[in-house]
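# Remarks on the overall topology
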Amino acid sequence: MKRDIAAAKTLGVDGVVIGILEANGDIDTKRTAELIELARPMSVTFHRAFDVCRDPFKAVDELAAIGVDRILTSGQEATAIEGIDTLADLIKHAGERITIMACGNLNERNIKKVIDAAGNEVEPLDEGDVR
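Read on for a plain summary of the structure. (Residues numbered from 1 in each chain as written. Predicted model: local features only at pLDDT ≥ 70, side-chain atom pairs only at ≥ 80, totals over all residues. Heavy atoms only, no water.)

### Focus on the pattern of salt bridges
Opposite charge on two side chains permits them to pair, given that their charged atoms come into close proximity. The line we're drawing: In what follows, salt bridge is the name for a side-chain nitrogen of Lys or Arg lying within 4 Å of a carboxyl oxygen of Asp or Glu. Elements are defined by DSSP. Helices are runs of H or I of four residues or more, strands are runs of E of two residues or more, and each kind is numbered from the N terminus.
Counted under the stated rule, the structure contains 11 salt bridges. Close ionic contact of lysine 58 with glutamate 62 constitutes a salt bridge, the shortest N to O distance being 3.8 Å. One end of the pair is lysine 58 and the other is glutamate 62, both in helix H3 (residues 56-66) and 4 residues apart, which spans about a single turn. One network of salt bridges, with partners in common, ties together Asp26, Arg54, Lys58 and Glu62.

Structure (structure tokens):
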């Protein structure tokens with residue numbers, strides 16, 4: 001990942017997507033923080049490894065504290081519709097500290113349902129998420 005981040009930075013990429021968990025399902029904050037430091041000034045998104053972490057609310061706190069810009073998540077379910085309640089709770093928990101970016105089979109037919117459930121604060125992917 002370090003080589004990929006360095007290459008992205010050299011190419012002038014705006015941001016990178018990373019994700020590292022410990023064997024027990026916690027966020028590997030030490031190695032993630034190292035990658036964030038290497039990536040700056042690019043934007044950093046934590047990918048869907050988040051969806052299998054042990055405690056998503058603790059993970060939001062940790063990722064916000066170490067400087068991740070956003071978390072890509074379907075609310076710890078296969079799709080955003082299935083994880084809609086958790087997505088809404090995560091968005092409330094995150095507040096202004098970090099962006100929760102909904103993903104997981106979102107399209108023009110179902111995205112409004114996710115946005116409405118989250119109080120119109122969900123940041124959907126521009127093109128939906130193709131899985």
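### Here's the deal with the packing of helix H1 (residues 2-10) against helix H2 (residues 29-39)
Rule in force here: Every axis corresponds to a line fitted to the C-alpha atoms, with the helix fit spanning only the stretch in contact, and the corresponding angles, defined between N-to-C directions, vary from 0 to 180 degrees. Should an angle lie under 35 degrees it is considered roughly parallel, over 145 roughly antiparallel, and from 65 to 115 roughly perpendicular; all remaining angles are considered oblique. Should the near helix be turned counterclockwise from the far one by less than a right angle, the crossing is left-handed, whereas a clockwise turn marks it as right-handed. Contacts between residues were defined by any pair of non-hydrogen atoms, one from each residue, lying within 4.5 Å. Charged residues are taken to be Asp, Glu, Lys and Arg, nonpolar residues to be Ala, Val, Leu, Ile, Met, Phe, Trp, Tyr, Cys and Pro, and polar residues to be all remaining types, Gly included.
Look at H1 against H2: their axes get within 9 Å of each other, and the N-to-C directions meet at 20 degrees. Our classification of the angle between H1 and H2 gives roughly parallel. Pair H1 / H2 crosses with right-handed handedness. Mapping the contact onto sequence places Lys2, Ile5 and Lys9 in H1 and Glu34, Leu35, Leu38 and Ala39 in H2. Of the residues that constitute the contact of H1 with H2, the class distribution is 4 nonpolar, no polar and 3 charged.

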